[in-house]
Amino acid sequence: MKRGKKLEYSPIALELKSRRAKKKVSKRTLKNNAWSIFSQYIRLRDCLFTTGTKTHGKCITCGVVLPFGKLQAGHFISGRHNSYLFSEEGVHAQCRTCNIIKDGNPLVYRRAIIDLYGEGYDEVLEKESREIKKFAPQDLVDIAEYYKKEIEKLGGLSETVV
Ligand SMILES: [Zn+2]
């Protein structure tokens, strides 16, 4: 059979086309969902670690104390390659100024990483940030589920977070 318009518009072709479209949208959604839950986990962890409350936390690089909802989950090394996107040691609560405007505030962030995890750990994270991993949709579902449970282990999000 010749390839032509008939094949292009056959029910099977349309079905495949729509499946491909669905797959694309859903993987992006899964990634956003996994990131959003991971980001909540990081901010909750750091709020508890830096202030002992669920509602406020300190920016890892400038020390400003902000409500949970004003904190961001900022990467030590910018350029979010997949394998590093969900790095617990490479991501911490940060203020918007340090995360976005100062591009992570990397020199201060490096010192903070060394203080937290030890000499040389900044280099471990640098290496990790260069590794590229493609997540399958199921990986992203698993990551979201895992961090939902981790949030529960920390006692859940505060109901009063802004
Ligand atoms: Zn800051």
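Structural notes, computed from the coordinates. (Residues numbered from 1 in each chain as written. Predicted model: local features only at pLDDT ≥ 70, side-chain atom pairs only at ≥ 80, totals over all residues.)

## A few points about the overall build of the chain
Along its length, the chain carries seven helices and four strands. Seen in sequence order, the chain has helices and strands lined up from the N terminus as α-α-β-β-β-α-β-α-α-α-α. (Helix = DSSP H or I, 4+ residues; strand = E, 2+ residues; numbered from the N terminus.)

## Here we look at the environment of Lys-133
With respect to the secondary-structure elements, Lys-133 resides in the loop between helix H6 (121-130) and helix H7 (137-153). Expressed as a C-alpha distance, the spacing of Lys-133 and Leu-85, which sit 48 residues apart in the sequence, is 9.8 Å. Ignoring anything within four residues of it in the chain, the contact list for Lys-133 reads Asn-82 and Ser-83. (Contact = placed C-beta atoms within 7 Å.)

## Here's the deal with unusual backbone geometry
Phi at Asp-103 is positive, roughly 55 degrees, even though this residue is not glycine. Tracing the sequence through the fold places Asp-103 in the loop between helix H4 (96-101) and helix H5 (106-117). Asp-103 sits in the exposed class, given 10 other C-beta atoms within 10 Å. Phi at Asn-105 is positive, roughly 50 degrees, even though this residue is not glycine. Mapped onto the secondary structure, Asn-105 falls in the loop between H4 and H5. (Buried ≥ 20, exposed ≤ 12 C-beta atoms within 10 Å, placed from the backbone.)

## Observations concerning the pairing of strand S3 (residues 72-75)
Across the two faces of S3 the burial is the same, with Gln-72 and Gly-74 and Ala-73 and His-75 all buried. Relative to strand S4 (residues 91-94), S3 runs antiparallel, the two sharing four bridges. By the bridge assignment, Gln-72 is partnered in S4 with Gln-94. (Pairing = 2+ DSSP bridges.)

## Side note on the packing of H5 against H6
Contact geometry for H5 and H6: axes closest at 8 Å, N-to-C directions at 110 degrees. One element, H5, and the other, H6, form an angle in the roughly perpendicular class. Residue-level contacts link Arg-110, Ile-113, Ile-114 and Tyr-117 of H5 to Tyr-121, Asp-122 and Leu-125 of H6. Within the contact of H5 with H6, the residues separate by chemical class into five nonpolar, no polar and two charged. (Axes fitted to C-alpha atoms, helices over the stretch in contact; angles between N-to-C directions. Parallel < 35°, antiparallel > 145°, perpendicular 65-115°, else oblique. Nonpolar A, V, L, I, M, F, W, Y, C, P; charged D, E, K, R; others polar.)

## A few points about H6
Taken together, the buried positions of H6 are Asp-122, Leu-125 and Ser-129. Relative to the axis of H6, the buried residues are bounded by an arc of 60 degrees and lie together on one face. Of the residues in H6, the exposed ones pointing more than 90 degrees away from the buried face are Glu-123, Lys-127 and Arg-130. (Arc of directions from axis to C-beta.)

## What about the environment of Ser-26?
In this structure, Ser-26 sits in helix H2 (residues 11-51). Ser-26 sits in the partly exposed class, given 13 other C-beta atoms within 10 Å. For the pair formed by Ser-26 and Pro-137, sequence separation is 111 residues and the distance between their alpha carbons is 8.1 Å.

## Quick notes on the nonpolar core
Core analysis: the biggest nonpolar cluster contains 24 residues, and Phe-38, Tyr-41, Ile-42, Cys-59, Phe-76, Ala-93 and Ile-143 have the highest contact counts within it. When contributions to this core are tallied by element, the ones reaching two or more residues are H2, S4, H5 and H7. With six residues, H2 is the single largest residue contributor to this core. Each residue touching Tyr-41, except ones within four places of it in the same chain, is listed here: Tyr-147, Glu-150 and Ile-151. (Core = buried A, V, L, I, M, F, W, Y, C linked by C-beta atoms within 7 Å.)

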